[in-house]
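# Summary of the model geometry
Listed here are the chains, written in short residue letters.
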Amino acid sequence: MATTRITTALPPNIDITKAELAYGEHMLPKLNRQLQDDTLITRQRALNALCDVLHNPEHVSAALKVGMAKSLKKLLGDSDGTVRWKATEVLFICSNHAIGRDAILEFDLIQPISALFDDQHEDARLMSHRAVESVSHTVNGAQGIVDANLIKKLVEKLKTETDEIKQLVLDTLHYCMKVDTSQALAAEAMEVFTLLLGHKMWEIRGKAARDIMDISFPLEGKKKAVKVRCIPVLVKLLADPNFHVRAQSAGALMSIAITTEGKQESIREGAVEALIALLQADETTDVRLNVIKVNSLSNVRLLTVKAITMLAEAPSGREKLAQVVPTLQSIANTGGPMMKKVATTAIKVITWKP
């Protein structure tokens, strides 16, 4: 005989980790009230729901109108690690939209987010760095980070954090140094970047070389690069197995070698020979079937030719580089407009006679 049995399991389409959403315009005000609830599980479920809801930029705008930014700012200092983590994740999702980045600046959220750089929970630290890195993509955002005096703290994190967070910090510093390099130089960022050139991950080596190029644009940065002996390491990286690392290393040498001191040091460390080998190797590489790699190798070649142009301004460099004129002429004939321009300039510098 059949009997009725009522299961204790929840229906399969109900997620107990997320708050139930109200209909229409009542959804976000309700979630905002739940963020302010005294019950921990209620706050956690509301944050989990927001991580899904705020992927829509229209919802981000509506959330700001109901005062959710102030609620999230308070939750960044919550005693529960999961709440801090998810609150930062919500802000990271908001920062992927222009209106969200503007709100983070308007409500002075950069400092509270950066306070989680020292959080004991790795997830909270990771998400805080993601949020700050996302904000730094705009000029106003990068300026806000610089104004908050976070550069020194970010440089210090490169010494202790996980490899994933180090990549985010290097990206953040890259954008921030476009608006100001003085704080990075004062924080001894050049020394830290030079150490990271020897990292086992090519992503970190490439980003460290890129950041050296950024910090070397002012004269003080070029002098510091020579002083801390980063040129010999960059020369070695011109033969790195990864073409991104080779490109950024050539770019860094190009920036440093603008000064006479940088040219002489680069030539002494064998940069001319390394650049010639790099240029000829990339010239013979067949990458016709891989568009992404073609574009990447074009960037390697472009920065290599620019670095060669810098070193050719020195008499000793010009003499050694005479052998690559035919290669440069071939690049000028077959490359695009930008490549043709830099190759032609390089040929003029190399063949110049006093």
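Residues numbered from 1 in each chain as written. Predicted model: local features only at pLDDT ≥ 70, side-chain atom pairs only at ≥ 80, totals over all residues. Heavy atoms only, no water.

### Quick notes on the overall build of the protein
Heads up, the rule is: Counting from the N terminus, the helices are DSSP H or I runs at least four residues long and the strands are E runs at least two residues long. For the exposure calls, accessible area comes from a 1.4 Å probe over protein chains only, and a residue counts as buried if that area is under 20% of its type's maximum, exposed if over 50%, partly exposed in between. Note on contacts: a residue pair is in contact if any heavy atoms of the two residues lie within 4.5 Å. With residues, only the protein chains shown are counted as cover, and all accessible areas are computed by Shrake-Rupley using a 1.4 Å probe.
Scanning the protein for helices and strands turns up 23 helices and zero strands. Every one of the 354 residues in the protein was classed for burial, and the buried ones make up 53%. Look at the contacts in the protein between residues 6 or more apart in sequence, and 71% of them connect residues 24 or more apart. For the protein, the accessible area works out to roughly 17,600 Å², and carbon and sulfur atoms hold 54% of it.

### A closer look at unusual backbone geometry
Although it is not a glycine, N149 sits at a positive phi angle of roughly 55 degrees. With respect to the secondary-structure elements, N149 resides in the loop between helix 9 (139–147) and helix 10 (151–160). One non-glycine residue, R229, adopts positive backbone phi at about 60 degrees. Taking relative accessible area as the criterion, R229 reaches 42% and is therefore assigned partly exposed.

### A few points about helix 9
Within the span of helix 9, buried status applies to G141, A142, G144, I145 and V146. Those residues of helix 9 that are buried lie in contact with helix 6 (98–106), helix 7 (110–114), helix 8 (122–135), helix 10, helix 11 (163–176) and helix 12 (182–186). In the segment just after helix 9, N149 is the residue with positive phi, at about 55 degrees.

### As for the nonpolar core
What counts, and what does not: What we call a nonpolar core is a set of buried Ala, Val, Leu, Ile, Met, Phe, Trp, Tyr and Cys residues that are connected through their side-chain atoms within 4.5 Å.
Among the nonpolar cores identified, the biggest contains 112 residues, and L54, I151, L173, F193, I212, L234 and L321 are the most heavily contacted of them. In terms of residue count, helix 20 (residues 291–312) provides more of this core than any other element does, nine residues in total. If sequence neighbours within four positions are ignored, L173 has contacts with I151, L154, V155, L158, F193 and D211.

### Observations concerning the confidence of the model for the protein
Short version of the rule: Confidence of the predictor in every single residue is expressed as pLDDT, which spans 0 to 100.
Taken as a whole, the protein shows an average pLDDT of 88; of its residues, 89% reach a score of 70 or greater. Considering only residues more than four positions removed or in separate chains, one finds that residues 284–295, a stretch of pLDDT under 50, has six contacts.

### Examining the side chain of N32
Selection criterion: What qualifies as a polar contact is a pair of N or O atoms within 3.5 Å, subject to a donor-acceptor requirement within protein and to the restriction that residues adjacent in sequence count only when both atoms come from side chains.
For N32, the position within the fold is in helix 1 (residues 27–35). In this structure the side chain of N32 is engaged in a polar contact, spanning 2.7 Å, whose partner is the side chain of S71. Those residues in contact with N32 that lie beyond four places of it in its chain are V66, G67, M68 and S71.

### Section: the side chain of E161
Note on placement: E161 falls in the loop between helix 10 and helix 11. Exposure remark for E161: the relative accessible area of 8% places this residue in the buried category. A polar contact of 2.8 Å, which involves the side chain of E161, links it to the side chain of R125.

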